[in-house]
There are 2 protein chains.
Amino acid sequence: MEHVAQLRIALAQTDPVVGDLAANADKLVEWTRRAAGRGAHLVVFTEMFLTGYPVEDLVLRSSFVEASTAAVEALARRLADEGLGEIPAVVGYVDRADLAPRVGQPKGAPLDAAALLHRGRVVTKTAKHHLPNYGVFDEYRYFVRGDRLPIFRLHGVDVAIAVCEDLWQEGGPVAVVAEAGAGLLVVPNASPYEKEKDDVRLALVSRRAREAGCALAYANQVGGQDELVFDGDSIIVSASGELVARAAQFAEELLVTDLELPEARFGGLGTFQVDAGDGTVITVERLELSAFPVEPYAPEPPSIAPHLDDIAEVYSALVLAVRDYVAKNGFQSVILGLSGGIDSALTATIASDAIGPDRVHVVMMPSRYSSEHSLEDAWELVNRQGVNARIVPIADIVDSFEKEIELSGLAAENLQARVRGMILMGLSNQHGHLVLTTGNKSELATGYSTLYGDSAGGFAPIKDVLKTLVWKLSRWRNAQAGRSGAFLHGFAVPPIPENSIEKEPSAELRPDQRDTDSLPEYDVLDRLLDDYVEKDMGSAELIAAGHDPALVARIIRLVDLAEYKRRQYPPGPKITPKNFGRDRRLPITNHWRETIA
Amino acid sequence: MEHVAQLRIALAQTDPVVGDLAANADKLVEWTRRAAGRGAHLVVFTEMFLTGYPVEDLVLRSSFVEASTAAVEALARRLADEGLGEIPAVVGYVDRADLAPRVGQPKGAPLDAAALLHRGRVVTKTAKHHLPNYGVFDEYRYFVRGDRLPIFRLHGVDVAIAVCEDLWQEGGPVAVVAEAGAGLLVVPNASPYEKEKDDVRLALVSRRAREAGCALAYANQVGGQDELVFDGDSIIVSASGELVARAAQFAEELLVTDLELPEARFGGLGTFQVDAGDGTVITVERLELSAFPVEPYAPEPPSIAPHLDDIAEVYSALVLAVRDYVAKNGFQSVILGLSGGIDSALTATIASDAIGPDRVHVVMMPSRYSSEHSLEDAWELVNRQGVNARIVPIADIVDSFEKEIELSGLAAENLQARVRGMILMGLSNQHGHLVLTTGNKSELATGYSTLYGDSAGGFAPIKDVLKTLVWKLSRWRNAQAGRSGAFLHGFAVPPIPENSIEKEPSAELRPDQRDTDSLPEYDVLDRLLDDYVEKDMGSAELIAAGHDPALVARIIRLVDLAEYKRRQYPPGPKITPKNFGRDRRLPITNHWRETIA
């Protein structure tokens with residue numbers, strides 16, 4: 001029978017700031033102190049925690065990589081100086097490989113690295129082996145491949161370190177763990193949120209634990225960074241893949257867990273090479289921090305955070321994304337146009353939940369085509385939420401344009417939207433508010449929006465939310481009235497006027513306009529968009545899937561032509577595989593039109 | 001002594017349309033007919049000619065890849081049906097590899113392929129081995145690696161095929177050519193223009209020919225595609241690396257060249273494997289189209305197109321980019337704001353040269369701060385070029401905004417720029433003109449522009465042109481007065497008013513404003529921007545290079561903060577390594593600030 005050794009590990013599920021090495025280092029020291037205070041034997045930070053993730057082309061600047069490597073060395077010393085040298089810390093940062101430059105290799109040969117800090121020293125280093133280069137990831141652009149697997153003995157347990165994508169792809173370090181043998185695999189991650197990704201992630205972590213033949217501790221970043229939202233959801237599973245502990249979604253948390261792990265059987269230290277099963281060779285490095293198990297102690301019960309349902313999860317992601325974008329870009333407040341419709345009502349509510357209604361400014365900008373109920377519904381939201389509000393009528397401004405240039409039809413409709421965009425931008429420039437755009441994904445997909453009009457702004461909270469989901473989120477949020485929490489301002493009444501949810505959608509840019517004048521019903525449209533945009537189906541497949549052939553032809557054309565508008569759209573949080581950001585890259589000049597069979 | 005065999009080869013330096021497989025196929029047939037008419041024994045088209053290049057995420061759509069593979073088969077038959085089956089044609093297209101799906105591999109395993117068409121059949125296929133994933137290239141996202149090297153015997157000469165990047169990186173197919181032996185290496189390319197790249201390219205092609213030990217024929221795409229401009233400049237060099245023939249820059253051309261090549265000595269056909277020297281193995285496939293040399297004939301003298309000087313080259317690139325963007329996106333005309341300053345004057349001139357002054361519409365939009373000379377200088381350009389012009393004063397419109405919201409300082413300046421942007425967009429929507437923005441790279445870099453104001457538009461011709469280069473291009477263009485050609489409308493007088501070139505730059509958004517109120521002199525600024533933006537120098541390096549430390553700190557801050565504006569800027573032609581397009585990707589939310597030592 002195997003001897004068991006106890007280990008208390010702390011996963012630091014935190015929200016770093018991209019590029020702020022000093023602040024991230026301070027946070028690392030603070031959280032290490034908290035972990036030590038909880039009696040942890042090991043603390044694991046997330047992927048590239050010290051630099052933040054993703055840093056994009058900053059890694060190609062040599063001064064940045066030098067700052068990162070200097071910071072990790074300094075951190076090791078500082079932890080020891082501050083009395084925290086005894087607790088080993090695993091931390092992600094950027095390093096570089098010692099490779100001669102060549103065409104096709106990222107400048108400076110950067111590594112997505114992780115270091116083990118202990119007693120004032122960087123004891124060992126490793127780097128991500130599998131580089132993701134799909135979806136939002138461009139890591140062949142940024143990094144060269146790591147080829148090491150450190151396994152350090154800590155209180156009699158062999159602990160291996162791998163980085164993020166190394167869990168997702170076959171072969172490489174995780175396969176080598178199985179061969180080399182370890183009691184625990186710790187994995188720093190920066191894995192962005194997507195709807196229902198938490199389920200995929202748990203299944204994956206369980207499978208890899210079984211393949212590696214050891215417990216697995218998965219520490220994930222949390223927080224918003226431009227279009228990405230990291231959801232945390234750090235996980236610990238046993239060697240048989242059973243869930244042991246799990247951190248909250250969308251919140252910082254120090255997940256401290258007592259584990260009983262097999263005591264290491266092999267005494268041999270040093271390095272040896274193992275075929276990684278993916279055409280590469282991994283160098284395993286065995287080292288020892290402490291040979292003998294800790295004295296037996298009474299473990300604390302593990303913590304498994306309750307998980308959010310699918311709608312709550314999306315809502316929390318949007319709120320966190322707005323909160324972090326505002327804070328990390330140094331804004332104090334936001335401004336948006338409130339029309340009385342559901343898109344701007346939901347956006348205002350997300351903003352109120354993110355930064356508090358006292359920091360949310362809304363502007364009502366009625367035109368000659370605005371209906372009475374629009375202004376009423378907008379005021380109703382203002383009254384329910386207590387946001388700052390003003391009315392700026394646009395009729396006279398529109399008239400002043402039309403005195404100088406003759407505009408009709410769509411050009412006249414666009415003018416109204418643009419006057420509104422300019423008012424918001426003017427107030428933003430004057431008062432320093434961040435402009436939130438209120439367009440949803442169904443509009444953005446089909447180009448049913450005005451460039452420099454309703455698309456004007458700094459952040460687009462519901463850019464990746466289809467219209468049918470806008471309604472679902474609004475109803476869900478109203479049902480939370482009376483509750484308060486990290487993502488719910490404590491509104492006593494439903495914050496969104498029921499009328500805004502129930503009424504028929506209209507842009508109100510001409511008399512009696514309805515969205516259905518130009519677009520099909522949203523449940524039909526959204527299903528088609530999902531198949532075309534997310535699943536990349538061609539027209540034959542779309543028709544085979546039951547979509548109306550004429551509608552397929554029309555919507556494909558609308559979506560493809562709108563690429564030019566989308567390129568100039570503000571960033572917004574990604575909640576699906578394709579948010580029209582860096583996850584979907586199509587030419588503007590694009591003559592690809594499928595013939596419908 | 002080696003026996004020699006003659007071969008007349010035709011390189012089809014053409015401008016395909018991305019996604020228009022039918023039009024590209026028609027063009028291929030037409031140009032093959034021209035090549036046959038010239039007596040060529042072989043015609044070589046460019047990389048991914050059949051689909052256009054780059055197609056970005058279209059390759060991840062299975063219907064697109066299926067259309068490409070079907071089209072290449074159909075083309076082989078069609079060439080034979082049209083009596084062109086005897087002349088072998090090498091053509092680039094998209095194919096797919098027969099690989100099982102796995103995480104990390106592009107969906108559908110697409111290949112950047114080239115096919116050899118002959119007598120109604122696709123005789124052989126190959127695909128790019130080295131995938132560029134730097135600068136504007138993301139090919140690990142799109143393609144899997146090819147691992148073949150076809151060598152076909154044509155009239156007694158062994159002709160090898162490699163694709164584009166395989167020339168740029170070490171090892172792979174070109175290294176294998178040396179080992180396998182060939183008389184000629186033909187290389188389809190889609191290599192975008194950058195200033196002075198033609199010199200680099202010739203040196204590279206010469207070096208690879210010497211390494212491969214055979215003549216090398218390099219066929220490059222020409223034309224504009226969104227931000228990329230392909231410059232043609234197809235090249236043929238001898239086995240010793242001497243230039244034999246060269247096509248024009250920025251123009252379609254069928255480059256027909258008679259070569260004397262070594263007659264093949266080996267009789268063995270079939271496949272064998274060679275270590276490619278880059279950790280991979282390449283399968284060489286030898287096949288035979290025709291065993292014996294052609295009857296000796298009198299060769300035609302080779303053609304070497306005269307090369308443009310550096311300024312003419314940039315100017316031609318900008319004109320071609322505008323012309324293709326307008327045409328390929330279905331516009332008939334362009335519109336832009338003409339201020340009397342140099343940026344809009346140069347942009348208007350590029351537009352006139354691209355599509356003719358009769359299709360260029362300019363709008364003069366004087367404000368209360370516009371000086372007398374501005375309107376005069378603008379009218380002078382209108383008179384010299386004969387573009388369509390109108391005046392739309394903005395004062396009353398600006399007043400109508402200021403009646404509703406109080407704006408001062410920068411917010412009031414931005415309002416004026418935005419009113420102008422809205423007028424242009426309104427006229428664009430009403431009349432179908434494409435809006436050209438007139439901002440230069442120095443402004444774009446430092447954020448010295450107004451979001452949704454002067455940055456509003458569909459294409460930004462001088463987005464990648466620093467202010468000092470704006471002046472150089474303007475003086476150069478004026479010096480061409482009286483000449484006409486593909487990139488020069490035949491203006492009898494200098495098309496740009498001298499006053500626009502000579503006067504001090506001002507945005508004229510407040511009384512007596514000068515650019516130097518906010519920015520250093522442009523020669524100082526542009527040198528600093530070049531070092532920071534193009535060369536990615538850190539602040540210590542910049543100071544060591546002689547830049548003023550205070551200015552370095554200020555400009556770095558301006559450049560970094562403007563990332564958010566740049567993300568919403570229209571596309572524009574790339575002429576440098578970093579045009580603020582997909583070649584430079586930085587976070588918006590970015591706290592990286594270097595400490596100045």
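Residues numbered from 1 in each chain as written. Chains lettered and ligands numbered in written order. Predicted model: local features only at pLDDT ≥ 70, side-chain atom pairs only at ≥ 80, totals over all residues. Heavy atoms only, no water.

In the annotation of an unreviewed UniProt entry, chain A is listed under the name Glutamine-dependent NAD(+) synthetase and assigned to Streptosporangium roseum. Heading Catalytic activity (unreviewed entry) of the UniProt record for chain A holds this comment: "deamido-NAD(+) + L-glutamine + ATP + H2O = L-glutamate + AMP + diphosphate + NAD(+) + H(+)". (UniProt positions renumbered as here; feature names shortened; annotations may be inferred.)

In this assembly, 89 residues from chain A lie in contact with 89 residues from chain B. Summing the contributions of chain A and of chain B, the shared interface buries around 7,600 Å²; its carbon and sulfur component is 54%. By the criterion of area lost to chain B, the three top residues of chain A are A:Arg61, A:Arg585 and A:Trp592, representing 10% of everything that side buries. Run the count over chain A and chain B and you get six salt bridges. In this structure, A:Arg585 engages B:Asp138 in a salt bridge whose closest nitrogen and oxygen atoms are separated by 3.6 Å. Our count for the contact surface shared by chain A and chain B stands at 33 residue pairs in polar contact (both at pLDDT 80 or more). At the level of secondary structure, the elements contributing two or more residues to the side of chain A that touches chain B comprise helix H2 (62-81), helix H3 (139-142), helix H4 (165-168), helix H7 (310-328), helix H10 (395-404), helix H11 (409-431) and helix H19 (563-567) of chain A. Looking at side-chain class alone, the side of chain A that touches chain B contains 41 nonpolar, 23 polar and 25 charged residues. (Contact = heavy atoms within 4.5 Å. Buried area = accessible area lost by both parts, 1.4 Å probe. Salt bridge = Lys/Arg side-chain N within 4 Å of Asp/Glu carboxyl O. Polar contact = N/O pair within 3.5 Å; in protein donor to acceptor, adjacent residues only side chain to side chain. Helix = DSSP H or I, 4+ residues; strand = E, 2+ residues; numbered from the N terminus. Nonpolar A, V, L, I, M, F, W, Y, C, P; charged D, E, K, R; others polar.)

Residue and element names in this part refer to chain A. Considering the arrangement of structural elements, one finds threonine 349 in helix H8 (residues 342-355). Given the relative accessible area of 0%, threonine 349 is considered buried. Within polar-contact distance, the side chain of threonine 349 engages the side chain of glutamine 385 at 2.8 Å. Leaving out residues up to four positions away in the same chain, threonine 349 has contacts with Tyr315, Leu381, Gln385, Arg477, Pro495 and Ile496. (Buried < 20%, exposed > 50% of the residue type's maximum accessible area, 1.4 Å probe, protein only.)

Residue and element names in this part refer to chain A. For strand E14 (residues 253-262), a buried count of eight out of 10 residues is recorded, marking the element as mostly surrounded by other parts of the structure. Pairing geometry for strand E1 (residues 4-13) and E14, over 10 bridges, is antiparallel. Residue glutamine 6 lies in a different strand from E14, and its bridge partner there is glutamate 260. (Pairing = 2+ DSSP bridges.)

Here we take up the pattern of salt bridges. Close approach of charged atoms lets side chains of opposite charge pair. Taken as a whole, this structure holds 102 salt bridges over all chains when the rule is applied. The closest approach of N and O atoms between B:Asp583 and B:Lys574, which form a salt bridge, is 2.7 Å. Among the ionic contacts, a cluster of salt bridges with common partners joins A:Asp26, A:Arg33, A:Arg78 and A:Glu82.

Another point: the sheet that holds strand E20 (residues 434-435) of chain B. Residues and elements named next belong to chain B. Taken together, the four strands give an open sheet; going across it, the order is E19-E18-E17-E20, and neighbouring strands pair in parallel fashion. Either end of the sheet is taken by a strand with one partner, and the two such strands are strand E19 (388-391) and E20. One ladder, built from four bridges, connects strand E18 (residues 360-364) with E19; its direction is parallel. For valine 363, the partnering residue across the bridge sits in E19 and is arginine 390. Sheet strands touched by helix H11 (residues 409-431): strand E17 (334-337), E18, E19 and E20. Its angle to E17, the strand with the most contacts, is close to 165 degrees. (Axes fitted to C-alpha atoms, helices over the stretch in contact; angles between N-to-C directions.)

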